[in-house]
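If you want the building blocks of each chain, they are given just below.
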Amino acid sequence: MSVVVVCTHATDNACTASVGSVLLQSYPHIELILAHLAVGGEASAPMPVDDPRVRWMAQPGRSVVGTMNAAVRSARGTFVAVVQAGDVYRADAIHDAMQTLLRTPDLLAVCGTEAACWDGLLDEAVGGPQGAGLSALLFRRTLLLLLGPLDEGLASAYGLDLALRMLKAVPDRVGYVRPLLSQPPQQAGGLLQGGHALQAWLAECTQVLARHPGMAAAQWVRGYARLLLAQPSLLPAGENLLQHLMALIDAGQAWLGPADQEAMRTWVDGHEEIARASTRTPKANYDLALQEFRNGVTKVQSTPHLLTLETTSRCNLRCVMCPHAIGAVTRPKHLEESLVEELGRFVQQATSIQLHGIGEPLNSPAFWSTLQHLPDQAVCESSINTNLTVLDDKRLQRLLDSNLRIINVSLDAATAGTYWRIRGFDFDTVLGNLRRLVAARNERGARFPLVYLNMTLMRTNIEEVPALVQLAHDMGVDVVCLWHLNRWSDAEMARYVVQRDDWVFDYKAEGLWNFPELSNDYLRQAQALGKKLGVQLYLDHNKSVFFDEPQEQLHGNG
């Protein structure tokens with residue numbers, strides 16, 4: 001067999017110790033190729049080694065990888081061992097590794113943890129400190145026919161280049177063998193194959209990347225990420241791919257400059273396949289967030305489990321209690337669709353998502369794009385508020401085909417006249433859309449999406465609350481939601497004075513805090529009717545609903 005040692009200074013102690021440990025091996029048939037990378041392009045005198053097994057090979061002006069390729073090409077053995085300058089091996093290491101290869105004909109290569117560090121070891125017993133070189137590698141020459149020469153454009157990181165290409169091309173024919181260890185000797189002979197071998201070697205390679213400046217460039221993160229995408233079983237158990245790669249980048253401050261680190265973070269964070277492979281279930285993400293919170297973690301790996309995404313601030317209506325009615329939405333726009341893909345991972349891991357704000361989501365392209373990322377309704381409460389004025393057959397089918405859990409229809413009235421005053425649109429059109437939505441869902445035999453009716457309570461509509469409960473029952477709606485106007489400052493409420501035909505909406509005057517007994521009476525009528533009809537009422541959970549009592553039970557018909 002041939003043993004190749006590449007060194008930059010042929011006479012330094014590290015190279016001398018490595019060569020000495022190879023020549024002391026018990027395996028009898030060794031050819032040692034000492035490949036000298038001549039610094040500055042000038043070859044120095046050969047190392048003074050008086051041993052016929054040693055062949056000196058000077059490579060002035062070549063790179064480390066080029067020198068390695070030349071040395072391996074010149075090797076005469078059927079088996080080739082690549083040894084890092086500075087690694088010192090116990091006497092039987094190569095013998096045991098060779099026996100492993102010979103006993104297992106299907107193996108093309110055997111790799112192992114680095115040997116003991118040369119520094120100070122020559123005067124010590126075998127149990128000295130471990131070295132810092134990449135894994136030692138022993139392989140059959142046929143491996144080179146499959147992989148080709150090492151990439152000479154990759155500076156000095158030839159070990160990792162070979163590792164990644166081997167793991168991609170012949171993962172089942174690579175062994176990770178403990179005999180190459182200098183310590184502890186009692187573990188000699190243990191062989192790992194297949195996925196276990198790859199995990200062991202990859203773990204070692206990534207440790208080397210993190211601790212050796214200049215041993216690798218940013219491209220290794222890409223290569224490592226692609227390898228883990230192709231073979232997810234190599235990812236350490238319980239680890240998230242994105243989390244794993246970000247930790248590797250953070251650990252690589254010594255070998256990645258700030259610009260490279262940022263470029264790698266951007267590449268990893270924006271990689272669609274990595275995002276898909278890294279997505280946790282909403283529950284797993286929630287559990288992680290809770291654990292991080294309890295542990296006081298400040299740099300978290302979890303994503304927010306409660307999300308509100310305003311998919312648009314544009315609206316086709318001008319409801320009197322809304323900022324749109326007074327021109328307070330100065331720059332209405334849809335959420336940019338390019339952001340939807342970036343936010344996809346966050347959406348997929350959330351336990352609660354609202355996809356609305358002060359606009360009409362059914363008019364937003366970003367809303368429809370976001371639907372494809374929603375988790376299943378069983379694990380995530382996703383919802384929208386909609387005026388349901390633009391529901392056509394295409395939109396209806398897309399809603400029913402999605403994982404949207406709740407469609408909350410803002411109605412604010414139970415009669416056409418009151419609806420027109422508050423929302424300025426045709427009541428019968430919206431009721432027709434509502435009937436179609438409920439009927440289409442029921443025809444599928446589906447539970448979701450749940451359909452809610454929403455009323456913002458004010459003096460103009462409070463007397464219609466019981467009728468709204470009846471309407472919900474008649475239409476097969478699941479829940480009725482009732483909300484008070486916000487009691488803002490007098491100055492803020494004074495901005496909301498809106499005229500519609502012969503009616504004037506005055507926000508402060510419409511507040512039911514001005515009519516507490518009337519409000520209490522109609523809300524209790526609605527509660528009683530809801531119990532009788534089996535319609536669930538969801539009462540405002542941000543305020544006291546009844547003005548003559550402390551905060552009551554706010555959920556259900558209570």
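It should be emphasised that the depicted structure is a prediction, and the values quoted were computed from it without experimental measurement.

J.: Please explain helix α16 (residues 427-443) as it appears in this structure.
T.: The periodicity of an α-helix, 3.6 residues per turn, causes residues three or four places apart in sequence to face the same way. Taking 1.5 Å of rise per residue, 17 residues should cover 24 Å, and α16 covers 24 Å from first to last C-alpha, within 8% of that figure. For α16, every residue scored as buried is listed here: Phe427, Val430, Leu431, Asn433, Leu434, Leu437, Val438, Ala440 and Arg441. Buried-residue contacts for α16 involve α14 (393-401), β14 (406-410), α15 (416-423), β15 (450-457) and α17 (465-475). Looking one or two residues past α16, Gly445 carries a phi angle of roughly 70 degrees, positive in sign.

J.: Help me understand the pattern of salt bridges, please; the structure alone is not making it clear to me.
T.: Between side chains of opposite charge, pairing is possible as soon as their charged atoms come close. Taken as a whole and judged by the stated rule, the model has twelve salt bridges. The partner of Asp392 in a salt bridge is Arg395, and the shortest N-O contact between them spans 3.1 Å. Here Asp478 and Arg441 are joined by a salt bridge, their closest N and O atoms 2.8 Å apart. One end of the pair, Asp478, is in the loop between α17 and β16 (479-484); the other, Arg441, is in helix α16, and 37 residues separate them in sequence. Taking relative accessible area as the criterion, Asp478 reaches 26% and is therefore assigned partly exposed. On the basis of relative accessible area, Arg441 is assigned to the buried category, the value being 5%. If you follow the salt bridges from partner to partner, you end up with Glu31, Arg55 and Arg76 in one network.

J.: Explanation requested: the packing of aromatic side chains in the structure shown.
T.: The geometry of an aromatic ring pair is captured by two quantities: the separation of the ring centres and the angle between the planes. Summed over the entire model, instances satisfying the criterion amount to eight aromatic pairs. Each ring, one from Trp503 and one from Phe505, has its centre 6.0 Å from the other, and the planes form 55 degrees; the classification is tilted. Three or more aromatic residues joined by ring pairs form one cluster here, namely Trp488, Tyr496, Trp503, Phe505 and Tyr507. When the ring centre of Phe346 is taken as reference, the NZ or CZ atom of Arg345 above it lies at 4.9 Å. Seen from the ring of Phe515, Arg459 lies directly overhead, with NZ or CZ sitting 5.6 Å from the centre.

J.: I tried to follow the nonpolar core on my own but got confused; where do I start?
T.: For soluble globular proteins, the rule of thumb is that nonpolar side chains tend to be buried together. The biggest cluster of nonpolar side chains holds 71 residues, and the ones touching the most others in it are Leu434 and Leu482. Of the residues forming this core, the biggest block, seven residues, is contributed by α16. Not counting the four nearest positions on each side in its chain, Leu434 is found in contact with Leu388, Val409, Val451, Leu453, Met475 and Val477.

Definitions and cut-offs
Numbering of residues begins from 1 in every chain and follows the order in which that chain's sequence is written. Where totals are concerned, whole chains, interfaces and linings use all residues; where local detail is concerned, this predicted model gives features only for residues with pLDDT of at least 70, and gives and counts side-chain atom pairs only at 80 or more. Excluded from the side-chain calculations are hydrogens and water; all other atoms, namely the structure's heavy atoms, are used. Helical segments are the DSSP runs of H or I of at least four residues, strand segments are the runs of E of at least two, and each set is numbered from the N terminus. The length a helix should cover is 1.5 Å for every residue beyond the first. Classification of residues uses two cut-offs on accessible area relative to the type maximum, computed with a 1.4 Å probe and protein chains only: under 20% is buried, over 50% is exposed, and between them is partly exposed. Here, residues are in contact when the closest pair of their heavy atoms is within 4.5 Å. Salt bridges are identified by distance alone: a Lys or Arg side-chain nitrogen within 4 Å of an Asp or Glu carboxyl oxygen. Classification of ring pairs uses Phe, Tyr and Trp, with its six-membered ring standing for Trp, and accepts pairs whose centres are within 6.5 Å; under 30 degrees between planes counts as stacked, over 60 as edge-to-face, and the remaining range as tilted. Note on criteria: charge over ring means Lys NZ or Arg CZ within 6 Å of the ring centre, with the direction from the centre no more than 35 degrees off the ring normal. Definition of nonpolar core: a set of buried residues of the types Ala, Val, Leu, Ile, Met, Phe, Trp, Tyr and Cys, connected through side-chain atoms within 4.5 Å.

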